[in-house]
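Residue strings, one per chain:
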Amino acid sequence: MNTTVPTSVYAQRRARMAAQLGANGIALIPTAPERQRNRDSDFLFRHDSYFYYLTGFTEPNAWLVVTGDGRSTLFCQPKDLEREIWDGYRLGPEAAVGALGVDAAFSIGELDQQLPRLLENRDTVWFPFATHQGLEQRVAGWLNQVRARVRYGALCPEQQRDLCAVLDEMRLVKDAHEQDIMRRAAAISARAHVRAMQASARMLREGRDVREYHLDAELMHEFRMGGSQYPAYSSIVAAGPNACVLHYRADVAPVRPGELVLIDAGCELDGYASDITRTFPADGRFTGAQRALYDLVLASQEAAVAATKPGARFTDPHEAAVKVLAQGMLDVKLLDANKVGTLDDVIEKRAYFPFYMHRTGHWLGMDVHDCGSYVEPGEVGQVSERKDPLSGETIKNRPSRILQPGMVLTIEPGIYVRPGEGVPEQFHHIGIRIEDDAIVTPQGCELITRGVPVKADEIEALMRP
Ligand code: GLY
Ligand code: MN
Ligand code: MN
């Protein structure tokens, strides 16, 4: 198990969830399935985030069942010395009760037999909707078995409800244990970015044929040396024009002096993601045009950081970043004021969109794009409508989430310049994003990824010999 969190914390999370199930409710939470990669090879197993949040248990083939009275039952792989020789240690149901603090544990082989019994006389069955392939059908099969016994007096649950609604809200606000792991994941990822920057400049000084995958290897080295289990998502290492491809992956393209490199990479540590983007000159020296756009993106990020505080809306950092970016695009003549008008026009008509086409952040947690509603729950149903000046379509705006201490989000503005009519040539093919991870605090926010510098001068300084 990859957890430093006390067993009692998982028990408290299960109790908080149980309190929301109703006295006669029952919740079913499977971990993730193992997936074949090719022939005899599986993809590296990664537990289900909901399951892990409630158990800290990382073995495959496991289910958690929690009833409204707070009782937890685990189903897990039985001890099997022969299988353990091949696949490794298994906790087993006997040890699971003590190790995980659940009330009962059975072999996973007993799931189909026990579930109809556990579902009997409950009124509501909760499980994560549309998350696990085949889960709905499995639940239906167990419910059918309960229904077959109604003429003997058994009651069958009449309601099925989505457990994600409960767990997403719980996971959205990170407790002190989660914040601690996320700070450590962020620190490892920051070191990895520093290492990749320094390796790029050093290898180019040595006259080496530097490729994107070399920098990917430097990232991975630092992730693993720091104790991270794996990257939280596929690392983007994009040299030169590749930075304008938003979902580019580290590939074979050459890393050339005079060009920028955009790296978007973060490790996962003990089940929690980090997510950092830095853009740096491959050889350690920004050109004038690169620096102009870099400083603009950084200024927009600073505005977004200042807007990230309790009581603000989730969309406030985005709006703050867009305002700075749009003004900067006019100033450096990426946008022609004669054609697009004033700053307000640029924002209203989204004239900045060809150069900044994504949002400024997302929730971060166990999943890199973490769960949690982006709409304020107390204001669901309140919709304001406006006409889109571009398409003429009606756009519905729902009240965005109000930030609270303990929420974690990324702040990641960027600029991506593809050649086009009227686009100054000096900016062609420049792609820049700067991404940090922020914990909302009572005062504002804490950037946990600043172990890697962000100011252009500081990046140049750390890349010098
Ligand atoms: N690395 C994924 C993202 O930035 O959203
Ligand atoms: Mn991100
Ligand atoms: Mn990212």
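Preceding this paragraph is the structure being described.
Positions within a chain are numbered from 1, following the residues in the order the chain's sequence is written. For naming, the first written chain is A and the first written ligand is 1, with later ones following in the order written. Only residues with pLDDT of at least 70 are given local features in this predicted model, and only at 80 or more are side-chain atom pairs given and counted; all residues enter the totals for whole chains, interfaces and linings. The side-chain values count all of the structure's non-hydrogen atoms but skip hydrogen atoms and water molecules.

1. Observations regarding helix α9 (residues 212–225)
Right, on to step 1. Helix and strand definitions here come from DSSP, where helices need a minimum of 4 consecutive H or I residues and strands a minimum of 2 consecutive E residues; each element is numbered from the N-terminal end. In this analysis, the expected span of each helix is defined as 1.5 Å times one less than the number of residues it contains. For α9, spanning 14 residues, the distance from its first C-alpha to its last is 20 Å, which sits close to the expected 20 Å at 1.5 Å a residue.
Right, on to step 2. The classification of residues rests on relative accessible area computed with a 1.4 Å probe and restricted to protein chains. Under 20% of the type maximum is buried, over 50% is exposed, and intermediate values are partly exposed. When we look at burial in α9, the residues that qualify are Glu212, Leu215, Glu218, Leu219, Glu222 and Phe223. All buried residues of α9 fall inside an arc of 135° around its axis, so they share one side. Projecting away from the buried face of α9 at angles above 90 degrees are the exposed residues Arg224 and Met225.
Right, on to step 3. Tucked into the core, α9 has its buried residues touching α8 (176–205), β9 (230–231), β10 (236–239), β11 (260–265), β12 (267–269) and β14 (276–281).
Right, on to step 4. Backbone geometry just after α9 places Gly227 at a positive phi near 95°. To obtain the arc, one takes the directions from the helix axis to the C-beta atoms. What makes two residues a contact is simply this: any of their non-hydrogen atoms within 4.5 Å.

2. Points about the coordination of the manganese ion (ligand 3)
Right, on to step 1. Each metal's donors comprise the N, O and S atoms found within 2.8 Å of it (within 3.2 Å for Na, K or Ca). Water is not part of the atom list, so some coordination spheres may appear incomplete. Coordination sphere of the manganese ion (ligand 3), protein contribution only: Asp264 (OD), Asp264 (OD), Asp275 (OD) and Glu435 (OE), at 2.0 to 2.4 Å.
Right, on to step 2. Coordination geometry of the manganese ion (ligand 3): the six donor atoms subtend angles of 57 to 169° at the metal centre, consistent with an arrangement described as irregular.
Right, on to step 3. A separation of 3.3 Å is found between the manganese ion (ligand 3) and the manganese ion (ligand 2), which are bridged by Asp275. Taken together, the residues span a long stretch of sequence, with Asp264 in strand β11 and Asp275 in the loop between β13 (272–273) and β14 at a distance of eleven residues. Under the classification used here, a metal with four donors is tetrahedral if each angle lies between 85 and 135 degrees, square planar if opposite donors are over 155 degrees apart and the others between 65 and 115, a six-donor metal meeting that same test is octahedral, and anything else is irregular.

3. Some points on the coordination of the manganese ion (ligand 2)
Right, on to step 1. Protein ligation of the manganese ion (ligand 2) involves Asp275 (OD), His362 (NE2), Glu412 (OE) and Glu435 (OE), the donor distances falling in the range 2.0 to 2.2 Å.
Right, on to step 2. Between the six donor atoms coordinating the manganese ion (ligand 2), the angles at the centre fall across 49 to 154°, so the site counts as irregular.
Right, on to step 3. In the primary structure, the donors to the manganese ion (ligand 2) are separated according to the pattern D-x86-H-x49-E-x22-E.
Right, on to step 4. Given the relative accessible area of 9%, His362 is considered buried.

4. Points about the pattern of salt bridges
A pair can form between side chains of opposite charge whenever their charged atoms are brought close.
Right, on to step 1. Any carboxyl oxygen of Asp or Glu that lies within 4 Å of a side-chain nitrogen of Lys or Arg is treated as forming a salt bridge with it. The tally for this structure, following the rule as stated, stands at 27 salt bridges.
Right, on to step 2. In this structure, the salt-bridge partner of Asp180 is Arg184, at a minimum N-O distance of 3.5 Å. Of the two residues, Asp180 and Arg184 are both situated in helix α8; the distance of four residues between them amounts to about one turn of the helix.
Right, on to step 3. Given a relative accessible area of 32%, Arg184 falls into the partly exposed group.
Right, on to step 4. The network of salt bridges with common partners includes Arg171, Lys174, Asp367 and Asp370.

5. Description of helix α14 (residues 456–463)
Right, on to step 1. Ala456, Ile459, Glu460, Leu462 and Met463 are the residues of α14 that are buried. Along the long axis of α14, the arc covered by the buried residues comes to 165°, so they all point the same way.
Right, on to step 2. Where α14 is buried, its residues contact α8, β14 and α10 (288–306).

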